[in-house]
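Listed below, chain by chain, are the residues.
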Amino acid sequence: MLIDGFNRKVDYLRISVTERCNFRCQYCMPEKPFSWVPHENLLSFENLFLFVKASIDEGINKIRLTGGEPLLRKDLHTFIAMIHNYAPDVDLAITTNGYLLRDYALSLKEAGLKRINISLDTLNKETAHYIAQKDVLNNVLDGIEEANRVGLKIKINCVPLKGVNDMEIITLLEYCKRKGYEIRFIEFMENIHANVMKGLDSSEIQKIIASKYTFTKVERKNGSPSQGYILEDGYVFGIIEPHLDSFCNDCNRIRLTAEGYLIPCLYFEDALSIADAIKAKNIQLAVEILKTVLQNKPEKNKWGSDNDSTRAFYQTGG
Ligand code: SAM
Ligand code: SF4
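For every chain, the first residue of the written sequence is number 1, and numbering continues from 1 onward in sequence order. To read the labels, note that chains go from A and ligands from 1, taken in the order they are written. Thresholds applied to this predicted model are a pLDDT of at least 70 for local features of residues and 80 or more for the giving and counting of side-chain atom pairs; totals over whole chains, interfaces and linings are not thresholded and use all residues. In computing side-chain values, all of the structure's heavy atoms are included and hydrogens and water are not.

A. Representation of the packing of aromatic side chains in the model. Any Phe, Tyr or Trp ring, taking Trp's six-membered ring, that has another such ring centre within 6.5 Å forms a pair; planes under 30 degrees apart are called stacked, those over 60 apart edge-to-face, and the others tilted. All told, the structure shown has 11 aromatic pairs when counted by the stated rule. Ring centres of Y175 and Y181 lie 6.2 Å apart, and the angle between their planes is 70°; on these two criteria the pair is classed as edge-to-face. With a 1.4 Å probe rolled over the protein chains alone, any residue whose accessible area is under 20% of its type maximum counts as buried; one over 50% counts as exposed, and the rest are partly exposed. By relative accessible area, which is 7% here, Y175 ends up buried. What makes Y181 buried here is its relative accessible area of 2%. Relative to F237, the ring of F215 lies with its centre 5.3 Å away and its plane at 80°, an arrangement referred to as edge-to-face. Residue F215 is located in strand β7 (residues 215–217), and its partner F237 is located in strand β9 (residues 236–240); the two are separated by 22 residues in the primary sequence. These aromatic residues form a ring-pair network of at least three members: F185, F215, Y229 and F237. In our convention, an over-ring charge means Lys NZ or Arg CZ found within 6 Å of a ring centre and within 35 degrees of that ring's normal. Above the plane of the ring of Y86 lies K53, whose end atom (NZ or CZ) is 6.0 Å from the centre. Here the guanidinium or amino end of K62 rests over the ring plane of Y12, the centre of that ring lying 4.6 Å away. Runs of E in the DSSP output that reach at least two residues are strands. Runs of H or I that reach at least four are helices, and both are numbered from the N terminus.

B. Geometry of unusual backbone geometry. A positive phi angle is found at N7, which is not glycine, with a value near 65°. Tracing the backbone through its elements, the reader meets N7 in the segment before β1 (12–16).

C. Fine view of the pairing of strand β3 (residues 91–96). The buried count for β3 comes to five of six residues, which makes it a mostly enclosed element. With helix α2 (residues 76–86) bridging strand β2 (residues 62–66) and the parallel β3, this β-α-β connection has right-handed handedness. Whether a crossover is right-handed comes down to one check: with the strands pointing away from the viewer, does the path from the first strand over the helix to the second run clockwise; if it does, it is right-handed. In this fold, the crossover linking β3 to strand β4 (residues 115–119) by way of helix α3 (residues 101–111) has right-handed handedness.

D. Focus on the nonpolar core. Of all hydrophobic cores here, the largest spans 104 residues; its most connected members are I15, I63, L65, F79, I183 and F237. A contact between two residues is defined here by any heavy atoms of the two lying within 4.5 Å. Apart from the residues within four sequence positions on either side, F237 is in contact with L173, I183, F185, I209, F215, Q227, G228, Y229 and L231. We define the nonpolar core as a collection of buried residues of types Ala, Val, Leu, Ile, Met, Phe, Trp, Tyr and Cys that are connected through side-chain atoms lying within 4.5 Å of one another.

E. Representation of the site of ligand 2 in the model. Throughout, near means a residue has at least one heavy atom within 4 Å of the molecule or strand. Around ligand 2 sit C21, F23, C25, Y27, C28, M29, G68 and N97, and those are all the residues in its vicinity. Gly is put with the polar residues, along with every residue not named as nonpolar or charged; the nonpolar set is Ala, Val, Leu, Ile, Met, Phe, Trp, Tyr, Cys and Pro, and the charged set is Asp, Glu, Lys and Arg. In terms of residue class, the shell around ligand 2 is built from six nonpolar, two polar and no charged.

F. Layout of the pairing of strand β10 (residues 253–256). Side chains R253 and R255 project from β10 onto one buried face, and the interleaved I254 and L256 project onto a second face that is buried too. Direction of pairing for β1 relative to β10: parallel, over a ladder of four bridges. Directly across from I15, in β10, lies its bridge partner L256. For two strands to be treated as a pair, DSSP must find at least two bridges joining them. Looking at chain direction, β10 and strand β11 (residues 261–263) are connected through two bridges and run antiparallel. Bridged to R255 within β11 is I263. Following β10, the chain reverses through four residues before pairing antiparallel with β11; G260 in that reversal takes a positive phi of roughly 105°.

G. Spatial organisation of the side chain of N252. Tracing the backbone shows N252 in the loop between β9 and β10. You can call N252 buried: its relative accessible area is 9%. One polar contact links N252 to R253, side chain to side chain, over a distance of 3.1 Å. Beyond its immediate chain neighbours, meaning those up to four positions away, N252 contacts K9, V10, D11, Y12 and G223. Within 3.5 Å is the distance limit for a polar contact, defined as a pair of N or O atoms, with the added protein rule that one can donate a hydrogen and the other accept it, and that residues adjacent in sequence qualify only through two side-chain atoms.

H. Here's a closer look at the site of ligand 1. If you check the shell around ligand 1, you find 19 residues, and the closest are Y27, G68, S119, N157 and M189. Within the backbone of G68, a nitrogen or oxygen atom sits 2.9 Å from a nitrogen atom of ligand 1. Using a 1.4 Å probe, the Shrake-Rupley method yields the accessible areas, and only the shown protein chains count as cover for residues. In isolation ligand 1 offers 540 Å² of accessible surface; the protein chains occlude 95% of this area. Residue composition of the shell around ligand 1, by class: seven nonpolar, 10 polar and two charged.

Geometric values such as these leave the question of function open.
Structure, rendered in structure tokens:
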């Protein structure tokens, strides 16, 4: 079992398989970074898998592949199949912007994927273009349909932004309710890479939904980043509330970048690399580095203060 320095059990590994992305979301990567990590510096799927196996053996039972845009990484389905075949019971999911999903949903499903989170901030074509700085909505909606058709369980991620898509919160909730997808509203997390924007906090999101629906809080699952709320008809939506002081109390997550940096917290810059250890097939050393990173995992993020994070979401994977 993996335990951090604050006695929190860590059983959830998020792997950013690439920092590259085909969108330029205003809140994440408004401009192409000065330089991408060169391909040769990325850990191969074979090498990533060595670490994945070891971390599963140490107690990881939930894995999310993210990015950047994970579907840009060639043959992602082969990596999914490796993990699924090694440990079919591990809860394996990906987070994607959905743009390429129409083409890849079936191969992901056939590789063993069961769940997928798709980012959908708006149902308005112009607003989607404004946020991603590209005409994306039709592709994303087609991708969602295809994922549903092949039988992937869908969650929708939405970042409500003042004056941009906050007027669509109820429309998006109703779209997801109608389709049978859970929606999770994510508080915008201020970071120096994002364009200046103002997100809605959880109480503002709740107030908008309360203008039409009655709902109550659901008891939060241990370690879940999302607080659930249940409408009178039984539909559950979630809000991810990183600005709340208690948000990190039961954090169970550790992140790995495409280059092999283990990042203990989404907010902070700290990281240690397992790349050399993995490339040398020294898995024991990689596990020791993992345990050191966990010992140094900070107690809390600082989104409740006035500081912006310096971490780029497209590198850590959100
Ligand atoms: N490209 C994929 C996507 O957009 O779903 C996966 C990577 S993206 C970094 C993962 C999640 O982080 C997305 O749901 C995105 O909306 C969210 N995200 C990115 N920047 C954010 C920010 N500044 N605050 C809150 N959520 C953010
Ligand atoms: Fe790309 Fe996802 Fe970041 Fe948007 S949120 S720029 S889709 S990594």
